[in-house]
Amino acid sequence: MVGIEGLLNLGQPLHTTVVVTDFDDSDRVVATFRRALGRMPTKLVHLDLSGAGKDGGETKAGDWAIDPAAHGLNQDKVYLSVLALLCRHGSLKAVRQLQETIPRGDCARLELPSVEMGFELSHAMKMADVILSADYGVQDLASDTFFERLALNAPYRVEISTPNGMLLVSGSRPWFQLAGRLVDGESRILPGGEVAYTGSDIEGVFTVTGGLLATPEAPEAAPLARALTRLSRRFEHDPVTMTIADGQVMAFESKGPLAGTLDMLLRGAGYRQVTEVGISFNTACRTLIHDWPASSNEGCPGVHLGLGGDPDPEQEPAKESLVHIDLISPTVLVLVNGKPFMKLA
Ligand SMILES: [Fe+2]
């Protein structure tokens with residue numbers, strides 16, 4: 001089902017959508033959601049954190065707490081779908097605390113470029129547009145197909161071919177669904193639209209032909225993330241092949257200078273471990289964006305490998321690396337237990 005109707009777990013008694021924003025002039029973005037929700041069986045509450053936690057201050061509980069009486073909510077009975085549009089690191093804590101107060105509900109966090117990465121209102125408008133135009137029904141079908149084929153064999157074999165060879169993910173560790181309709185208790189990063197693996201049974205080669213998405217997990221990591229973002233548009237002309245053994249990157253190679261630059265920037269040991277293999281099928285993320293760190297890049301149909309940071313963004317960030325880098329290839333053939341799942345030229 002296309003659009004917000006396909007994303008939200010509507011039909012729950014007293015469904016309420018809480019849109020949380022933490023930037024100035026968010027009214028236009030909120031109005032977009034208000035229009036999209038139109039006559040759907042939900043009530044929209046806007047929580048504006050833009051005045052809280054600025055100047056390095058912590059966002060405090062009182063800055064965001066929903067006053068149930070003020071919004072006519074009875075927290076024991078309502079189902080809250082939290083849609084968080086955030087550009088400040090401090091706000092994440094507030095959204096986590098908000099989630100803890102919800103007896104029933106889900107939380108979808110739209111990751112925007114942080115202030116340190118050059119956040120602009122147009123970025124929020126663009127990402128809101130992407131999540132409002134995605135087909136969540138198709139995402140659920142694609143995920144179902146993937147998991148059906150994955151269950152055909154134990155241990156499973158997922159073969160990912162890119163121009164210079166094949167990457168094999170095998171074993172019995174579970175894959176995660178980060179796609180389709182939200183369910184009670186779920187917490188997800190949007191736009192999403194992928195199935196993902198975190199583990200070390202990864203062997204072979206993977207060629208990055210599309211670009212990258214560098215997400216700093218703390219403000220001090222922004223300079224490295226900015227340097228990486230500047231490389232994104234070069235992969236199309238100078239694809240980088242990664243050799244991977246036991247989930248560790250052994251080498252970056254390319255015909256031009258890009259592999260050397262990447263290798264130099266990612267010298268730290270924390271960037272040698274592949275922290276994520278993601279197979280994306282979100283057709284609303286049509287094209288890769290190279291000018292700013294658009295979270296929609298990760299959802300672009302294809303496969304991405306994650307290095308550094310924590311693959312589970314709900315956890316505290318890993319200490320040794322503070323940037324999560326998705327290296328993206330939109331030219332892939334994916335076989336799941338020998339059955340074709342994705343073929344993109
Ligand atoms: Fe991913």
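Look a little higher up for the structure.
Since the model is a prediction, treat every value here as computed from it, not as a measurement.

(A) Summary view of the overall build of the protein. On a plain count of helices and strands, the protein comes out with nine helices and 18 strands. For the protein, buried positions account for 46% of its 345 residues. For the protein, the proportion of contacts with a sequence separation of at least 24, taken over those separated by at least 6, is 74%.

(B) Looking closely at the sheet that holds strand E13 (residues 248–253). Read across the open sheet, the seven strands follow the order E13-E12-E10-E6-E5-E17-E18; overall the sheet is antiparallel. One side of each edge strand has no neighbouring strand; the edge strands of this open sheet are E13 and strand E18 (339–343). The sheet shows a mean angle of 20 degrees between the axes of neighbouring strands, taken without regard to direction. Pairing of strand E10 (residues 202–208) with strand E12 (residues 240–245) involves five bridges; the strand directions are antiparallel. Residue Phe 206 lies in a different strand from E12, and its bridge partner there is Met 242. Sitting on the sheet, helix H7 (residues 136–150) is in contact with strand E5 (156–162), strand E17 (333–336) and E18, with an inclination near 145 degrees to E18.

(C) Structural detail: the sheet that holds strand E3 (residues 79–86). The strand order across the open sheet built from five strands is E2-E1-E3-E4-E8, with neighbouring strands paired in parallel fashion. Bordering the open sheet on either side are strand E2 (43–48) and strand E8 (187–190), each of which pairs with just one other strand. Across the sheet, the mean angle from the axis of one strand to that of its neighbour is 20 degrees, orientation sign disregarded. Sheet analysis places strand E1 (residues 15–21) next to E2, joined by six bridges and oriented parallel. Within E2, the position partnered with Thr 21 by the bridge is Asp 48. Across the sheet, helix H2 (residues 27–37) touches E1, E2 and E3, and the angle it forms with E1 is around 160 degrees.

(D) A look at the nonpolar core. Core analysis: the biggest nonpolar cluster contains 93 residues, and Val 20, Val 82, Ala 84, Leu 85 and Leu 110 have the highest contact counts within it. For this core, the leading source of residues is E3, giving seven residues. No fewer than three residues from each of domain 1 (4–133) and domain 2 (140–343) sit in this core. For Leu 85, the contacting residues outside a window of four places in its chain are Val 20, Thr 21, Val 29, Leu 110, Leu 112 and Ala 124.

(E) Representation of the pairing of E3 within the structure. With eight of eight residues buried, E3 lies mostly within the body of the structure. Of the two faces of E3, the one carrying Tyr 79, Ser 81, Leu 83 and Leu 85 and the one carrying Leu 80, Val 82, Ala 84 and Leu 86 are both buried. Pairing of E1 with E3 involves seven bridges; the strand directions are parallel. Residue pairing for E3: Thr 16 is matched across the bridge by Leu 80.

(F) A look at unusual backbone geometry. Of the consecutive residues Ala 154 and Pro 155, the connecting peptide bond is found in the cis state with omega at -5 degrees. Residue position: Pro 155 is located in the loop between H7 and E5. With an omega of 5 degrees, the peptide bond running from Leu 190 to Pro 191 counts as cis. Mapped onto the secondary structure, Pro 191 falls in the loop between E8 and strand E9 (194–197). Despite not being glycine, Asp 246 shows a phi value in the positive range, around 55 degrees.

(G) The arrangement of H7 in detail. In this model, H7 (15 residues) spans 21 Å end to end at C-alpha, consistent with the 21 Å of a helix rising 1.5 Å per residue. Of all the positions in H7, only Tyr 136, Gln 139, Ala 142, Ser 143, Phe 146 and Leu 150 are classed as buried. Take H7 and look down its axis: the buried residues cluster within an arc of 115 degrees, on one side only. The exposed set on the far side of H7, more than 90 degrees from its buried face, consists of Asp 144 and Glu 148.

About the criteria used
- Residues numbered from 1 in each chain as written.
- Predicted model: local features only at pLDDT ≥ 70, side-chain atom pairs only at ≥ 80, totals over all residues.
- Helix = DSSP H or I, 4+ residues; strand = E, 2+ residues; numbered from the N terminus.
- Buried ≥ 20, exposed ≤ 12 C-beta atoms within 10 Å, placed from the backbone.
- Contact = placed C-beta atoms within 7 Å.
- Pairing = 2+ DSSP bridges.
- Axes fitted to C-alpha atoms, helices over the stretch in contact; angles between N-to-C directions.
- Core = buried A, V, L, I, M, F, W, Y, C linked by C-beta atoms within 7 Å.
- Domains from an automatic or database assignment.
- Expected span 1.5 Å × (residues − 1).
- Arc of directions from axis to C-beta.

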